[in-house]
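The primary structure of each chain is shown beneath.
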Amino acid sequence: MAFTTPQKGKTKVLKFDSEEDVAAALAKYTADLSEKSVKEKGSFSVVLSGGTLIDTLRKLVESSYKESVDWSKWLIFWVDERVVPLDHEDSNYLLAWRGFLSKVPIPPSNVYAINDKLSPEGAADEYEERLKLLVESKVLPVSNITGFPKFDLMLLGMGPDGHVASLFPSHHQRYEKKRWVTFITDSPKPPPPRITFTFPVINSASDIAMVITGAELADTTKMALGTGIAPGSTPLPCTEVSAEGELTWFLDKDAASKL
Ligand SMILES: O=C1O[C@H](COP(=O)(O)O)[C@@H](O)[C@H](O)[C@H]1O
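Residues numbered from 1 in each chain as written. Predicted model: local features only at pLDDT ≥ 70, side-chain atom pairs only at ≥ 80, totals over all residues. Heavy atoms only, no water.

As named in an unreviewed UniProt entry, the chain is Probable 6-phosphogluconolactonase, taken from Perilla frutescens var. hirtella. What the UniProt record of the chain gives under Sequence similarities (unreviewed entry) is the line "Belongs to the glucosamine/galactosamine-6-phosphate isomerase family. 6-phosphogluconolactonase subfamily." In the Catalytic activity (unreviewed entry) part of its UniProt record, the chain is described as follows: "6-phospho-D-glucono-1,5-lactone + H2O = 6-phospho-D-gluconate + H(+)". (UniProt positions renumbered as here; feature names shortened; annotations may be inferred.)

See below:
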């Protein structure tokens, strides 16, 4: 099957006075997309990150969203996961369970955690295989632009080194063009073994939210949004994010302070 070169969708940068305001806006944005997606296609596929994102999502599991969102139609995936037992303190699944999944009635069979009994390579292969089965059974659509699975919403964080998911600046995984899910055994941020979606999958999503808060991300945010990257230097991984529909940056005042 031939696919055309991915077209960049729209990018929006939203700046808020506080992290609290980012959390409120992110809850409304996610609930609105959920409503639209459930109305149009009967489901809403959401890809979570680990890190600070889960805390910033906290208002979505409070009233009135807690009652109004149709959680039964949600499908949950992870853009990256640390290859540790699911009950380990480093697990992105455990983080999401504690801060989000345990508070809303998403059917357990709609929550796609990694198989934590496998090696990093095995876990990446198995997750990719599961995604392929979901595509085959038409639970997940594919992008008719790229041929990669098309999730409704990716919720991404960013590290001070510009990494998104577990795609780090000096690691080859960020250049992967064929695999849907790959693995890393030497992540510069602990723990070292992880699996991660690749950019072709991330960038095939309908909508992407980059959720960035805190002064420690101000320099990276400035570079990422195109005002400070040194000519000739390797682009930060976060600059490669683009959605088929819309990419929205949610920034608090601290993260946006150098723009
Ligand atoms: O290790 C990871 O880091 C990134 C960024 O985390 P944050 O704490 O700086 O928000 C996160 O998006 C990713 O999912 C996670 O595995």
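Q: Any chance you could break down the pairing of strand S2 (residues 44-48) for me, citing the residues and the numbers?
A: Of all five residues that make up S2, five are buried, and the element is covered over most of its length. Of the two faces of S2, both are covered, the one formed by Phe-44, Val-46 and Leu-48 as well as the one formed by Ser-45 and Val-47. Examined bridge by bridge, S2 and strand S3 (residues 74-78) share five bridges and lie parallel to one another. Of the residues in S3, the one forming a bridge with Val-46 is Ile-76. (Buried < 20%, exposed > 50% of the residue type's maximum accessible area, 1.4 Å probe, protein only. Helix = DSSP H or I, 4+ residues; strand = E, 2+ residues; numbered from the N terminus. Pairing = 2+ DSSP bridges.)

Q: A description of the nonpolar core should follow, citing residues and the corresponding values.
A: Core analysis: the largest hydrophobic core is formed by 78 residues, its most contacted members being Phe-77, Phe-100, Met-154 and Phe-197. Those residues in contact with Phe-197 that lie beyond four places of it in its chain are Val-47, Phe-77, Trp-78, Val-79, Tyr-127, Leu-131, Phe-151, Met-154, Leu-167, Trp-180, Val-181 and Ile-202. (Core = buried A, V, L, I, M, F, W, Y, C linked by side-chain atoms within 4.5 Å. Contact = heavy atoms within 4.5 Å.)

Q: Give a description of the packing of aromatic side chains that names residues and reports values.
A: Here the structure, examined in full by the defined rule, presents 11 aromatic pairs. Here Phe-44 and Trp-74 contribute two aromatic rings whose centre-to-centre distance is 5.1 Å and whose plane-to-plane angle is 75°, an arrangement assigned as edge-to-face. Residue Phe-44 is found in strand S2, and its partner Trp-74 is found in strand S3; the two are separated by 30 residues along the sequence. Neither Phe-44 nor Trp-74 differs from the other in exposure class; each is buried. Site record: aromatic cluster; members linked through ring pairs are Phe-77, Tyr-112, Tyr-127, Phe-151 and Phe-197. Positioned over the ring face of Trp-180 is Lys-132, at 5.1 Å from the centre of the ring. (Phe/Tyr/Trp six-rings, centres within 6.5 Å; stacked < 30°, edge-to-face > 60°. Lys NZ or Arg CZ within 6 Å of the ring centre and 35° of its normal.)

Q: Run through the sheet that holds S2, naming residues and quoting values.
A: The six strands are arranged S1-S9-S8-S5-S2-S3 in an open sheet whose pairing can be described as parallel. The sheet is open, and its two borders are formed by strand S1 (10-16) and S3, each paired with just one other strand. Each strand axis lies, on average, 20° off the axis of its neighbour in the sheet, ignoring direction. With two bridges connecting them, S2 and strand S5 (residues 153-156) associate as parallel partners. Of the residues in S5, the one forming a bridge with Val-47 is Met-154. (Axes fitted to C-alpha atoms, helices over the stretch in contact; angles between N-to-C directions.)

Q: I'd like a description of the site of the ligand, backed by residues and values.
A: In the region of the ligand, 13 residues are neighbours, and Gly-50, Thr-52, Asp-80, Arg-82 and Lys-189 sit closest. Side-chain polar atom of Asp-80 to an oxygen atom of the ligand: 2.6 Å apart, as the coordinates give it. Lys-189 has a polar side-chain atom sitting 2.8 Å from an oxygen atom of the ligand. When the ligand sits alone it has 390 Å² of accessible area, and the protein chains cover 91% of it. Looking at the shell around the ligand, its residues break down into two nonpolar, seven polar and four charged. (Near = heavy atom within 4 Å. Polar contact = N/O pair within 3.5 Å; in protein donor to acceptor, adjacent residues only side chain to side chain. Areas by Shrake-Rupley, 256 points an atom, 1.4 Å probe, with all protein chains shown as cover. Nonpolar A, V, L, I, M, F, W, Y, C, P; charged D, E, K, R; others polar.)

Q: Which residues make up the pairing of strand S9 (residues 246-252), and what are the values?
A: Burial analysis of S9 places seven of its seven residues in the buried class, which makes it a mostly covered element. Alternating positions in S9 separate into two faces, Glu-246, Thr-248, Phe-250 and Asp-252 on one and Leu-247, Trp-249 and Leu-251 on the other, with burial throughout. Relative to S9, strand S8 (residues 207-212) runs parallel, the two being bridged by six bridges. Along S9, the bridge assignment pairs Ile-208 with Leu-247.

Q: Describe the environment of Ala-218, naming the residues involved and giving the relevant values.
A: Of note, Ala-218 is situated in helix H7 (residues 218-224). Remark: the alpha-carbon pair of Ala-218 and Gly-51, spanning 167 residues in sequence, is separated by 17 Å. In this view, Ala-218 contacts Asp-254, Ala-255, Ser-257 and Lys-258; residues no more than four positions away in its chain are not counted.

Q: Break down helix H1 (residues 19-41) for me, with residues and values.
A: A rise of 1.5 Å per residue sets the reference length of H1, with its 23 residues, at 33 Å; its end C-alpha atoms lie 32 Å apart and thus fit the reference within 8%. Listed as buried for H1 are Val-22, Ala-23, Ala-25, Leu-26, Ala-27, Tyr-29, Thr-30, Ala-31, Leu-33, Ser-34, Ser-37 and Val-38. (Expected span 1.5 Å × (residues − 1).)

Q: Could you give an account of the sheet that holds strand S4 (residues 80-82), with specific residues and numbers?
A: Across the sheet, which stays open at both edges, the three strands sit in the order S4-S7-S6 with antiparallel pairing between neighbours. Each edge of the open sheet is held by one strand with a lone partner, namely S4 and strand S6 (181-184). Averaged over all neighbouring strand pairs, the angle between strand axes comes to 20°, with direction disregarded. Direction of pairing for S6 relative to strand S7 (residues 194-197): antiparallel, over a ladder of four bridges. Paired with Val-181 across the two strands is Phe-197, which belongs to S7. The sheet contacts of helix H5 (residues 120-136) involve S6 and S7, and relative to S6 the element is tilted by about 170°.

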